[in-house]
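Structure at a glance
Single-letter residue listing:
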Amino acid sequence: MKLNMDTKLMRGATALHLFIAAAVLCSPIALRAQTNLVVPNRYASQDPRNGSSLLQSKIRLQEVYDASQFPAHPLVIREIRLRPSTIAGKAFSATISNLQINLSTTTARPGALNVNFATNAGPDDTVVFQGSIAVSSAFSGPAGQPKAFDIIIPLSTPFTYNPAAGNLLVDWQNFSGSTATSVDVGLGSSNEGSRAFAMGGNATKATTRDAGVEILQLIYTLSTVVCVNPPAGLVG
């Protein structure tokens, strides 16, 4: 009887071990087919007729985008694109010698950003770009209508964002300024976005909070969990 009990225990332990071994074959991956999303959504084809000096000025600017502006599933953000302002922009080519961008998932809401920049950042705050970057725009598009999103910033560290966990915070620190043109900015509603900013890339507190929000095109891939079937013979 003891031998039988030991055998059952061994079989149970082995089954548990194989279950764990099979479970670790499940892992999150990014599906590589890329797609894009404009936030706030309504500005994908709407011209707000405004402009921002985000890429020109030595500035720190945080903006929050409401989770409702995103698909209802996790996504891996790989690139941020901006478009030149229709009324204040122009074709250009420039280098921003010292730019840092952080992304995080935040509980801060549009219209309610704290003046303390550190308070707004989420626990997954990640430096997604840091350094020098050449940017340009052909200022292409129909007259009097939104221009192409051809100011491109590839992220050196892709960021996984899950809208179910909170809103998206984009933290820009332009330490150097540049001769780039003005970029497009709109007015965000309470379910779209807002911003807080101060002059100087090293600023720690905002001097201005408003309903403005830079219009971004995010290039992303889907993030999902894929389980690979265990090799034949691993489980019986």
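Each value, and the rule that gives it
Residues numbered from 1 in each chain as written. Predicted model: local features only at pLDDT ≥ 70, side-chain atom pairs only at ≥ 80, totals over all residues. Heavy atoms only, no water. Salt bridge = Lys/Arg side-chain N within 4 Å of Asp/Glu carboxyl O. Helix = DSSP H or I, 4+ residues; strand = E, 2+ residues; numbered from the N terminus. Contact = heavy atoms within 4.5 Å. Polar contact = N/O pair within 3.5 Å; in protein donor to acceptor, adjacent residues only side chain to side chain. Pairing = 2+ DSSP bridges. Axes fitted to C-alpha atoms, helices over the stretch in contact; angles between N-to-C directions. Buried < 20%, exposed > 50% of the residue type's maximum accessible area, 1.4 Å probe, protein only.

With the rule as written, the count across this model stands at 7 salt bridges. Of the charged contacts in the structure, one is a salt bridge between Glu192 and Arg42, with a shortest N-O distance of 2.6 Å. Highlighted residues: Glu192 in the loop between β8 (185–187) and β9 (193–199) and Arg42 in the loop between β1 (26–39) and β2 (59–65), separated in sequence by 150 residues. Salt bridges sharing common partners tie together Arg195, Asp210 and Glu214.

What follows is about the environment of Asn41. Locating Asn41 in the fold gives a position in the loop between β1 and β2. A C-alpha to C-alpha distance of 8.6 Å links Asn41 and Phe70, two positions 29 residues apart in sequence. Contact partners of Asn41, with chain neighbours within four places excluded, come to Ser68 and Gln69. Of the polar contacts made by the side chain of Asn41, one reaches the backbone oxygen of Val38; its length is 2.9 Å.

Time to look at the sheet that holds β9. As summarised here, the arrangement of the 6 strands in space is β5-β4-β7-β2-β9-β10, forming an open sheet in which the pairing is antiparallel. Edge positions in the open sheet fall to β5 (126–137) and β10 (208–210), since each of these has one partner strand only. Neighbouring strand axes in the sheet, compared pairwise and without regard to direction, differ in orientation by 20° on average. Here β2 pairs with strand β7 (residues 167–174) via 7 bridges, running antiparallel. Considered in β7, the bridge of Glu63 is made with Val170.

Looking at the secondary structure, you find Ser93 in strand β4 (residues 92–106). Judged by relative accessible area, which is 64%, Ser93 ranks as exposed. Among all residues touching Ser93, those that are not within four sequence positions of it are Val135, Ser136 and Thr179.

By themselves, these figures tell us nothing about what the structure is for.
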